[in-house]
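Descriptive structure summary
So you can see what is in the structure, the chains are spelled out below.
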Amino acid sequence: MALSQASRGAIVVSAFFLPILTYLYFTRSRGKKSAGPGPLPPPTEITNIFIHPIKSCHGLTVKEAKLLPTGLDLDRQWMWVTYPDHKFLTIRSDSRMTLIRPTYNSGTDTLTVTAPAPNSVDEKLEFSIPAHPTPDWLLENTSTVNANIWSSNTPAHAYSTSLTGPFNDFFGKDVRLVYKSPFSDSPRALVSNGAKDILGREGSTCFPDLMPILVGCESSINELNTRLQAAEGLTIDVRRFRPNILVKSDKPWDEDRWKTLRISSKPGSDSKEGGITLDVTQRCARCQVPNVDPETAEKHKRQPWDTLMKYRRVDEGIKFKPCFGMLCVPRGEGGKISVGMKLEVTEVTDKHRYIGGF
Ligand SMILES: *[C@@H]1O[C@H](CO)[C@@H](O)[C@H](O)[C@H]1NC(C)=O
């Protein structure tokens, strides 16, 4: 039986195109299923706010805080540096730094810093400084230095050793305390996923490692604690991860896909405070700092690092570090935030990828 010219043509065409169409159909529908960021999670609420005035030192738990473009007011505006080269000092190299405790007196607007005195049971080292120093105060009482943090330098104010001198004994070496104003003339520009060409605007911060704000989730620390309990009978406090804002959040680790957050007034309250938007720049890749108990400064040999390494290496951009918490940059001028406020995820993404090498 002879096929007509037309049907022969049709067979050739379909033999050629059918596999291609089938291929496209399956890859595209499969792509859609695995790549989508999924639906928005239900709104949740802020359950705790933490401020760490001095980088790597003990933090404060507060009911409310002022959110500035650089981060929470008083958060990581101070840090200890070596002398004479002004290199940043952190818990990574000296876990005892967490025994240095700043307290804030809102009546006098003073930050008082204490630490256990060396070779003494009850004696304390102590000094007090203005929490919001005026330009005149800084001019008369500090000197300008170039402080190093990671691979960059930023201008900062170094306090006189007539104030901080006794802390040299605590560190066992010559150190200086430096301050960076959140309204600095020479702001420390954000890098990594917060760089201008990626964030779409210029952002800056004082002395956090990377971004102005770290948000953590209770459901995730609870899930991690279930594993730590099973592995070592251990439960850790979320403060080891040094978040600024802790939220309830229903589903553990769902924060991995957060892209934009909105903080607004307490549900049911008349107050119109809030209305703050945060851009989530990336997941927070962790080092071994969370192994340090901030109350005792003791460093656990394995946990939570070992457990996190087993299942939280979830970012393509930084495959050899586990992630906990989401790093954020506030939009606009910020505002007041308080415990009980509503946090909504207004955008999610499946494109988060950590940019390292800063
Ligand atoms: C410098 O510090 C001292 C002690 O806190 C204070 O009394 C003085 O007013 C400060 N200088 C200026 C210009 O504020």
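Reading the values: the criteria
- Residues numbered from 1 in each chain as written.
- Predicted model: local features only at pLDDT ≥ 70, side-chain atom pairs only at ≥ 80, totals over all residues.
- Heavy atoms only, no water.
- Helix = DSSP H or I, 4+ residues; strand = E, 2+ residues; numbered from the N terminus.
- Buried < 20%, exposed > 50% of the residue type's maximum accessible area, 1.4 Å probe, protein only.
- Contact = heavy atoms within 4.5 Å.
- Areas by Shrake-Rupley, 256 points an atom, 1.4 Å probe, with all protein chains shown as cover.
- Pairing = 2+ DSSP bridges.
- Axes fitted to C-alpha atoms, helices over the stretch in contact; angles between N-to-C directions.
- Phe/Tyr/Trp six-rings, centres within 6.5 Å; stacked < 30°, edge-to-face > 60°.
- Lys NZ or Arg CZ within 6 Å of the ring centre and 35° of its normal.
- Core = buried A, V, L, I, M, F, W, Y, C linked by side-chain atoms within 4.5 Å.
- Domains from an automatic or database assignment.
- Expected span 1.5 Å × (residues − 1).
- Near = heavy atom within 4 Å.
- Polar contact = N/O pair within 3.5 Å; in protein donor to acceptor, adjacent residues only side chain to side chain.
- Salt bridge = Lys/Arg side-chain N within 4 Å of Asp/Glu carboxyl O.

The protein goes by MOSC-domain-containing protein in an unreviewed UniProt entry, where it is assigned to Lentithecium fluviatile CBS 122367.

Turning next to the overall build of the protein. Looking only at helices and strands, the protein has seven helices and 20 strands in total. Here the protein, with 358 residues, has 49% of them falling under the buried criterion. In the protein, the share of contacts with a sequence separation of at least 24, taken over all contacts with a separation of at least 6, comes to 69%. Carbon together with sulfur atoms contributes 54% to the accessible area of the protein, which is approximately 18,000 Å² in total.

So, on to the sheet that holds strand β10 (residues 152-159). Read from one edge of the open sheet, four strands run β5-β11-β10-β9, paired in antiparallel fashion. In this open sheet, the two edge strands, each paired with only one partner strand, are β5 (78-82) and β9 (142-149). Averaged over all adjacent pairs, the angle separating strand axes in this sheet is 50°, with direction ignored. Taken together, the eight bridges between β9 and β10 define a ladder with antiparallel strand orientation.

With that settled, consider the packing of aromatic side chains. When we look at a pair of aromatic rings, we describe it by the centre distance and by the angle of the planes. Per the counting criterion, the structure on display carries twelve aromatic pairs. Seen from their ring centres, W80 and F127 are 6.4 Å apart, and the 85° between their planes marks the pair as edge-to-face. One end of the pair, W80, is in strand β5; the other, F127, is in strand β8 (residues 124-130), with 47 residues separating them in the sequence. Taken individually, W80 and F127 each receive the classification buried, so the pair is uniform in this respect. Aromatic side chains F127 and F167 sit 5.2 Å apart centroid to centroid with 75° between the ring planes, which places their arrangement in the edge-to-face category. Separated by 40 residues along the polypeptide, F127 in strand β8 and F167 in helix α4 (residues 167-171) bring together distant segments of the chain. For F127, a relative accessible area of 4% corresponds to the buried category. Here F167 falls in the buried class, since its relative accessible area comes to 0%. Three or more aromatic residues joined by ring pairs make a cluster, and in this case those are W80, F127, F167, F170 and F171. The side chain of R176 reaches across the aromatic face of Y83, ending 3.7 Å from its centre.

Turning our attention to the sheet that holds strand β4 (residues 71-72). Strands belonging to one sheet form pairs held by backbone hydrogen bonds; the direction of such a pair is parallel or antiparallel. The antiparallel open sheet is built from three strands, whose spatial order is β4-β3-β19. Strand pairing shows two members of the sheet lacking a second neighbour, β4 and β19 (335-338), which therefore form its edges. As judged from the four bridges shared by strand β3 (residues 64-68) and β19, these two strands associate in the antiparallel manner. When the bridges of β19 are listed, A65 appears paired with I337.

This next bit is on the nonpolar core. Within the largest apolar cluster, 50 residues are counted, with the highest numbers of intra-cluster contacts made by W80 and W258. Counting residues domain by domain, this core receives three or more from each of domain 1 (44-48 + 192-201 + 206-348) and domain 2 (76-184). Beyond its immediate chain neighbours, meaning those up to four positions away, W258 contacts P41, V215, C217, V247, S249, V280, M326, L343, V345, E347, T349 and H352.

Glancing now at helix α6 (residues 218-232). The terminal C-alpha atoms of α6, which comprises 15 residues, lie 20 Å apart, in line with the 21 Å expected from a rise of 1.5 Å per residue. All of the buried residues in α6 are S219, S220, I221, E223, L224, N225 and L228. Against the buried residues of α6 lie β14 (213-217), α7 (305-311) and β18 (323-330). Positive backbone phi, approximately 65°, marks G233, located one or two places after α6.

Here the focus is the site of the ligand. The immediate surroundings of the ligand are formed by D136, W137, E140 and N141. Contacts to the ligand include W137, whose side-chain N or O atom sits 3.3 Å from an oxygen atom. A distance of 2.4 Å separates an oxygen atom of the ligand from a polar atom in the side chain of N141. Coverage of the ligand by the protein amounts to 46% of the 360 Å² it exposes when considered alone.

Per the counting criterion, the structure on display carries 21 salt bridges. What emerges from the salt-bridge pattern is a single network uniting D256, R283, R312 and D315.

With that settled, consider the environment of G317. Checked against the element boundaries, G317 lands in the loop between α7 and β18. By relative accessible area, G317 is classed as partly exposed at 28%. With sequence-adjacent residues up to four places away left out, G317 is seen in contact with R353 and Y354.

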